[in-house]
Amino acid sequence: MTDTPLSNALLAERDLRHVWHPCTQMHDHRTVPMLPIVRGEGAWLIDADGRRYLDGISSWWTNLFGHANPRIGAALKDQLDRLEHVIFAGFTHPPAIELAEELVRVTPPGLDKVFLADNGSAAIEVALKMSFHYWLNQGRGEKTRFIALSGSYHGETLGALSVSDVALYRKTYAPLLLTPIVAPSPDTYEGELGESAEQIAERRLSELRALLEQHAHETCAVIVEPLVQCAGGMRMYHPRYLAGLRALCDAFDVHFIADEIAVGFGRTGTLFACEQAAVTPDFMCLSKGLTGGFMPLSAVLTNNAVYDAFYAEYSAGKAFLHSHSYTGNPLACRAALATLAIFRDEPVLERNRVLSAHLAARLAPLRDHPHVADVRQTGMIAAVELVRDKITRAPYPAEERRGLRVYLHGLQHGALLRPLGNIVYFMPPYVVTTEEIDHLVDVAIAGIERAFA
Ligand SMILES: Cc1ncc(COP(=O)(O)O)c(C=O)c1O
């Protein structure tokens, strides 16, 4: 790090000379500011000019207990003086062992084996490959396909993107991808008039059953984001779907992969979303909040039956082959352990219930807004769906980029909101206060008025 004086303008200029950012048309930065953040403090981000932004989206849904959280930071500092990294094949270390023990303890019963990786998409790759390879090891090599839900998002490496159904990310790369079988999402927003969330779930389950009747013989797994399809627009559905999905997967001899990368660690009101349906998936993918938003790390949990299908003499050639250099990084594991310790020691979920009730109360009046078609919430995830026509629910054309106007308004008024198209959502860190929620909602409402008038 050089010691030149910091300012937004200087850092942004240097950044744009060499850095290529994710999920960004870099040309936009001719008009959209590139914001250099130099410090974080609880729910706040602070730029080089000293301006503060309330992180309403937990920095891509990763942060749980605040930026620069002292407890997680202390664990990392301690680990830095012990061991930064070691090869994870043939070698292990106390943080990884303890993390695996803790994850087995806190996840739904039956998930007894933990495979570590280093980001969410990698966890999805692991789960897809492991499911396929399980069936192969069972002599069922004809099972090569996956069922994914419409509107799903599971990451952007080629395997993860293959089972994703958000056109923005998928369509350009479609020629490179596997072809999943797409089952209609139980998304409540897409339900028929007068249909309850539970009825939608039941209807979608019968459609899934029909797909399984046709395709189970060639299908490895059904992959879903439990309860909330996040990148697909914070679309939400009833837990009944997960219970029915578990039963269908059992009946048709197909795995159930729960991608809890975004919804895990308390986001939906329970530690894991699957708990709300009292189901244990065959694979559970975790990342993002796993380290409290401090370090890249992911984990795939599975059961002993899957593990045992790979466990054989070396010569049988059944070993699971998937490795990333930074698998099980000790620093990341320590950050995860400190995060889980906070869940253990503090009434996080109880506190979140108060925060989410406050958020719900503040958003409720938006239901009457002439351009709001839906205000929905599951735990600490809330979303407002903006439409051109409230009656027909006709959306605003994507190319008008109204969400971007809300984003820019937020930055001008001290809030990081990053709408998904015409969906303004809230997913703040759990250390947010009710006053800070007020700030976030006030800025969002003013931004909506400006962008969707
Ligand atoms: C549900 C879900 N799965 C997988 C991913 C991919 O994780 P990563 O961005 O760490 O690759 C994401 C990222 O947003 C996600 O929301």
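Here, every reference points to the structure presented above.
Cut-off values and rules
Residues numbered from 1 in each chain as written. Predicted model: local features only at pLDDT ≥ 70, side-chain atom pairs only at ≥ 80, totals over all residues. Heavy atoms only, no water. Phe/Tyr/Trp six-rings, centres within 6.5 Å; stacked < 30°, edge-to-face > 60°. Helix = DSSP H or I, 4+ residues; strand = E, 2+ residues; numbered from the N terminus. Buried < 20%, exposed > 50% of the residue type's maximum accessible area, 1.4 Å probe, protein only. Near = heavy atom within 4 Å. Polar contact = N/O pair within 3.5 Å; in protein donor to acceptor, adjacent residues only side chain to side chain. Areas by Shrake-Rupley, 256 points an atom, 1.4 Å probe, with all protein chains shown as cover. Nonpolar A, V, L, I, M, F, W, Y, C, P; charged D, E, K, R; others polar. Pairing = 2+ DSSP bridges. Salt bridge = Lys/Arg side-chain N within 4 Å of Asp/Glu carboxyl O. Expected span 1.5 Å × (residues − 1). Patch = residues over 30% accessible without salt bridge, like charges linked within 9 Å, V, L, I, M, F, W, Y side chains within 5 Å. Axes fitted to C-alpha atoms, helices over the stretch in contact; angles between N-to-C directions. Contact = heavy atoms within 4.5 Å.

1. A few points about the packing of aromatic side chains
For the structure on display, the rule yields 12 aromatic pairs. The interplanar angle of 80° and the centroid separation of 5.9 Å between the aromatic rings of Phe65 and Tyr430 together place this pair among those described as edge-to-face. Of the two residues, Phe65 sits in the loop between α2 (58-61) and α3 (70-80) while Tyr430 sits in the loop between β16 (423-426) and α14 (434-452), which places them 365 residues apart along the sequence. Side by side, Phe65 and Tyr430 carry an identical accessibility label, which is buried. The interplanar angle of 65° and the centroid separation of 5.2 Å between the aromatic rings of Tyr153 and Tyr169 together place this pair among those described as edge-to-face.

2. Description of the site of the ligand
By nearness alone, every residue bordering the ligand is listed as Trp61, Asn119, Gly120, Ser121, Tyr153, His154, Gly155, Glu225, Asp259, Ile261, Ala262 and Lys288. Gly120 places a main-chain nitrogen or oxygen 2.8 Å from an oxygen atom of the ligand. The fraction of the free accessible surface of the ligand (390 Å²) that becomes covered by protein chains is 82%. Residue classes in the shell around the ligand are distributed as four nonpolar, five polar and three charged.

3. Quick word on the sheet that holds strand β3 (residues 52-55)
Read from one edge to the other, the open sheet built from four strands follows the order β1-β2-β3-β15, with strand pairing classed as mixed. Two strands bound the open sheet, and with one partner strand each, they are β1 (37-41) and β15 (415-416).

4. Quick look at the pattern of salt bridges
A complete count under the given rule lists 27 salt bridges for this structure. Arg203 is the salt-bridge partner of Glu192, the closest N and O atoms lying 3.8 Å from each other. Here the residue Glu192 occupies a position in the loop between β6 (181-183) and α8 (197-215), and Arg203 occupies one in helix α8, the gap between them amounting to 11 residues. Sharing partners across several salt bridges, the network here consists of Asp187, Glu190, Arg235, Asp374, Arg376 and Glu385.

5. Structural notes on helix α11 (residues 330-345)
Over its 16 residues, α11 extends 22 Å from the first C-alpha to the last, a length consistent with the 22 Å expected when each residue adds 1.5 Å. The N-cap of α11, judged by a side-chain oxygen 3.1 Å from the amide nitrogen of Leu331 a few residues on, is Asn329.

6. So, a nonpolar patch on the surface
There is a patch of nonpolar side chains on the surface, built from Leu158, Tyr173 and Leu176 and spanning about 320 Å² of accessible area. Relative to the elements of secondary structure, Leu158 occurs in helix α6 (residues 158-162). Residue Leu158 is classed as partly exposed on the basis of its relative accessible area of 44%.

7. Observations regarding the pairing of β3
Sheet analysis places strand β2 (residues 44-47) next to β3, joined by three bridges and oriented antiparallel. Among the inter-strand pairings, Leu45 is bridged to a residue of β3, identified as Tyr53. Note: β3 against β15, two bridges, orientation parallel. When the sheet's bridge partners are listed, Asp55 is paired in β15 with Leu416.

8. Some thoughts on the sheet that holds strand β14 (residues 381-386)
Ordered by their spatial adjacency, three strands build an open sheet running β13-β14-β16, and the pairing between neighbours is antiparallel. Of all strands in the sheet, those bounded by a partner on one side alone are β13 (372-378) and β16. Averaged over all pairs of adjacent strands, the angle between strand axes in this sheet comes to 10°, irrespective of strand direction. With four bridges joining them, β14 and β16 adopt antiparallel strand pairing. When the bridges of β16 are listed, Ala383 appears paired with Tyr425. Seen against the sheet, α14 touches β14 and β16 and runs at an angle of roughly 175° to β16.

9. Focus on unusual backbone geometry
Located in the positive-phi region is Met234, a residue other than glycine, with phi close to 50°. Of note, Met234 is situated in the loop between β8 (228-229) and β9 (235-236). Given a relative accessible area of 0%, Met234 falls into the buried group. The residue Arg393 is not glycine, and still its phi comes out positive at about 65°. Judged by its relative accessible area of 33%, Arg393 is partly exposed.

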